[in-house]
Amino acid sequence: MHNTSLLLVEDNILDARLITSRLQKIGCHTLTHVGSLQQAVDWLNTARHVDVIVLDLTLPDSLGLHTFQYLHQRFAHIPIVILSGRNDQDLAVKAVSLGAQDYVFKSEASSCVLLRSIRYAIERMRLLKIETDMIKMDRDLEFAREIQRHLLPQTLPEIAGVDMASTYIPANWTGGDFFDVIPISRQAKCNHDLWQPAQQMCEEDKNNSIWGLTIADVSSHGFAPSLIMVDTRRVLRTCSHILQDPGEILTFANRAVNEVTLEGQFVTLCYGRYDPLDRTLEYCSAGHPFWVIDAEGTVSMPEYAGTALGLLPDFQYATDGKLQLNVGDFLVVVTDGLYECRSDEGEFFGIDRVCEIIKQHREKPSKEIVKQILKAIYRFSGSLRSEDDITILLIKMVE
C-alpha cells in the first residue's frame, strides 16, 4: 500500500479524519482528500495517476448512486470503493452491479476492511483490464485472420489438364505460410496494365494464360510472420506480371523481404511458371523443396540452388530448371508444418508418408487425396493442430 495513490471523496470532516487515519495505518500515505463531487472531478482531470477512489455517496453537490455513476462514467479506468453511512444491502448490490468494486459500510470500515477492499478493488480492475485487452486483441486477431484468409485463393482456378486442391491450417490465429495461383497473360511483356485477377478473366484469356504457382513459409509462425507474408505475396504478384524469369522474380522478392525482416527472419519460397500448352514448369526455389511423383510412382525432389529470402540481400537467384510434366504426374508443394507433425512418441510424420498416401490414392481427385493426407495426419498425431502452419498445394496432371 506504500505506493498506492488514493483519492478520498468525503464531505464530513470528522469521517474524513477518521478514514484518513485508518488508511495511513495501513501504509497509504499518498492520499488526497476532497469534499465534493466537483472537486473530485477537477482533481482527477489534472492528476497524473490514481490507483483507487474511496467515495462517499452523500456529498453537498450530489446524492446517492448518481454520485458514483457520474465519476464512473468519466473515469471508468479507476476502481471505486464506495464508503457509505447507509447500511443498505440492496443499495450495495446495485452499486456493485453498476461497476463499483466494493461497498463498505462506515460502521464496519476498520483498517483491515479498508485494506482488503482497496487491494481487491485494484486487483479486480487490473484483471478486468487484462480481460478487456484480451477480448479486443481476440477481435483484432480474428479480423487479421479473415484478412489473411482473404489473401489466399478463395477458389482454385480451372486450368486445362490440371486437377488442383489445397488446404491451409495456421498454427495460431494467423500464420506465415501462403500459396498462390497467379494468372499471367501471354501478352504481358513488361506491361502491368494487362494484369487481371483470375475471376475477371474471360475463358479465352484463362485458356491462354501462364500460371504462377507459389508456396512460401515465413520463419516461425503467428502474427508477425503474417505481416511478412502479406508483403512477400504482394511483391510476387506484382513481379509475376512485369517479369518473366523466375530467378529474376525471386531476386526482386529477396530484396523486398530483406527490407521488412529482422535479423534471423527469412522466407523459404518456391515459385514456378506453369504453361498448360506444353505442360512445362519453369521454377526457382529459395530454400523451399517440392516433390514430383510420376505416373510410375517414382518420387523425386527437383534440385535448387537458392537460399531463403531475406538472408542475403544481394543474392542473385537463377532459374533452377524446367520440368516436363505428363498425365498422371503429381506436383507435391507443401510447407514443412505438414511432414514435421509429430506423434505422441515424438516421431515426425515425414514426407515419405505424404508421398505414399498420394500414390495409394492416385486415382482419386486431388481434393480427396488432400483429405486422405489430413486424415492420416490426424491418426498419426491425434490432432491437426501442428506446432507450425500446414499448407498443401497438390497438383495432378490429367487429360
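Given the structure is predicted, the values throughout are model-derived calculations rather than measurements. Numbers given for residues are sequential positions, taken from 1 along each chain in its written order. Totals for whole chains, interfaces and linings use every residue, but because this is a predicted model, local features are given only for residues with pLDDT of at least 70 and side-chain atom pairs only at 80 or more, for both listing and counting. Note: side-chain values were computed over all heavy atoms of the structure, leaving out hydrogens and water.

## Thoughts on the overall build of the protein chain
Reasoning step 1: Each helix and strand in the protein chain was counted, giving eleven helices and 17 strands.
Reasoning step 2: Across its three principal directions, the C-alpha atoms of the protein chain cover 95 × 50 × 40 Å.
Reasoning step 3: It only takes one pair of heavy atoms within 4.5 Å for two residues to be counted as in contact. The contacts in the protein chain between residues at least 6 apart in sequence include a share of 71% that link residues at least 24 apart.
Reasoning step 4: Per-residue accessibility takes into account occlusion by the displayed protein chains alone, with areas from the Shrake-Rupley method and a 1.4 Å probe. Accessible surface computed for the protein chain: about 19900 Å², of which carbon and sulfur atoms make up 52%.
Reasoning step 5: A distance of 6 Å separates the average location of the 38 positive side-chain charges in the protein chain from that of its 54 negative side-chain charges. Each helix corresponds to a stretch of at least 4 residues labelled H or I by DSSP, and each strand to a stretch of at least 2 residues labelled E; elements are numbered beginning at the N terminus. Positive residues here are Lys and Arg, negative ones are Asp and Glu, while His and the chain termini are left out of the count. Throughout, a charge is located at the NZ atom of Lys, the CZ atom of Arg, the CG atom of Asp or the CD atom of Glu.

## Details of the UniProt feature "modified residue: 4-aspartylphosphate" (unreviewed entry) in the protein chain
Reasoning step 1: UniProt positions are given in the numbering used here, feature names are shortened, and annotations may be inferred rather than shown by experiment. Mapped onto this numbering, the UniProt entry gives "modified residue: 4-aspartylphosphate" (unreviewed entry) at D56.
Reasoning step 2: Looking at the element boundaries, D56 is found in the loop between β3 (52-55) and β4 (58-59).
Reasoning step 3: D56 has contacts with V9, E10, D11, T67, L83, S84 and K106, leaving out every residue within four places of it along the chain.

## A closer look at the packing of helix α5 (residues 111-151) against helix α7 (residues 223-242)
Reasoning step 1: Axes here refer to lines fitted to C-alpha atoms; in helices the fit is confined to the stretch in contact. Angles between the N-to-C directions go from 0 to 180 degrees. Where α5 meets α7, the axes come as close as 11 Å, and the angle between the chain directions of the two elements is 30°. Relative to α7, α5 is oriented roughly parallel. α5 and α7 meet at a crossing whose hand is left-handed. Residue-level contacts link L141, A144, Q148 and L151 of α5 to F223, S226, M229, V230 and R233 of α7.
Reasoning step 2: Throughout, the ten residues Ala, Val, Leu, Ile, Met, Phe, Trp, Tyr, Cys and Pro are labelled nonpolar, Asp, Glu, Lys and Arg are labelled charged, and all others, Gly among them, are labelled polar. Its residues assigned to classes, the contact of α5 with α7 shows six nonpolar, two polar and one charged. Should an angle fall under 35 degrees it is taken as roughly parallel, and over 145 as roughly antiparallel, whereas 65 to 115 is taken as roughly perpendicular and any remaining angle as oblique. The handedness criterion is simple: a crossing whose near helix is rotated anticlockwise from the far helix by less than a right angle is left-handed, and one whose near helix is rotated clockwise is right-handed.

## Points about the pairing of strand β15 (residues 321-324)
Reasoning step 1: Partly exposed residues are those whose accessible area sits between 20% and 50% of the maximum for their type, while under 20% is buried and over 50% is exposed, using a 1.4 Å probe and protein chains only. Only one face of β15 is buried: it carries G321 and L323, and the other face, with K322 and Q324, is open.
Reasoning step 2: Note: strand β12 (residues 280-286) against β15, four bridges, orientation antiparallel. Each bridged residue has a counterpart across the sheet, and for Y283 the counterpart in β15 is G321. DSSP bridges decide pairing: two strands pair if at least two such bridges lie between them.

## Digging into the sheet that holds strand β9 (residues 177-185)
Reasoning step 1: In space, the five strands of this open sheet follow the order β9-β10-β11-β12-β15, with antiparallel pairing throughout. Each edge of the sheet is formed by a strand with only one pairing partner; in this case those strands are β9 and β15. The average angle at which neighbouring strand axes cross in this sheet is 20°, direction not considered.
Reasoning step 2: Across eight bridges, the pairing between strand β10 (residues 209-218) and strand β11 (residues 267-275) is antiparallel. Bridge pairing in β11 places D217 opposite T268.
Reasoning step 3: Contacts between α7 and the sheet are confined to β9, β10 and β11, with β9 contributing the most and set at about 15° to the helix.

## Notes on the pairing of strand β7 (residues 102-105)
Within a regular beta strand, the side chains point alternately toward one face of the sheet and then the other, so they alternate between its two faces.
Reasoning step 1: By the alternation rule, side chains of β7 split into D102 and V104 and Y103 and F105, which are all buried.
Reasoning step 2: Pairing of strand β6 (residues 80-84) with β7 involves four bridges; the strand directions are parallel. Within β7, the position partnered with L83 by the bridge is V104.

## Structural notes on the sheet that holds β7
Reasoning step 1: Taken in spatial order, the five strands of this open sheet run β2-β1-β3-β6-β7, and their pairing is parallel. In this open sheet, the two edge strands, each paired with only one partner strand, are β2 (30-34) and β7. Geometrically, the sheet is characterised by an average inter-axis angle of 20° between neighbouring strands, direction not taken into account.
Reasoning step 2: Sitting on the sheet, helix α2 (residues 37-46) touches β1 (5-9), β2 and β3, and the angle it makes with β1 is about 160°.

## Points about α5
Reasoning step 1: In this model α5 runs 60 Å from its N-terminal to its C-terminal C-alpha over 41 residues, within 8% of the 60 Å that 1.5 Å per residue would give.
Reasoning step 2: Within the sequence span of α5, burial applies to S111, V113, L114, S117, I118, A121, M125, L141, A144, Q148 and L151. In this analysis, the expected span of each helix is defined as 1.5 Å times one less than the number of residues it contains.

## Details of the pattern of salt bridges
Reasoning step 1: The rule for a salt bridge is simple: a side-chain nitrogen of Lys or Arg has to be within 4 Å of a carboxyl oxygen of Asp or Glu. For the coordinates displayed, the defined rule picks out ten salt bridges.
Reasoning step 2: Among the ionic contacts, a cluster of salt bridges with common partners joins E10, D15, D56 and K106.

## Describing the state of the cysteines
Reasoning step 1: Cysteine sulfur atoms are paired as a disulfide whenever they fall within 2.5 Å. Under the counting rule described, the total for this entry stands at zero disulfides.
Reasoning step 2: No disulfide involves C270; its nearest neighbouring cysteine sulfur is the one of C284, lying 8.0 Å away.
Reasoning step 3: Accessibility expressed as a relative area gives 7% for C270, which makes it buried.

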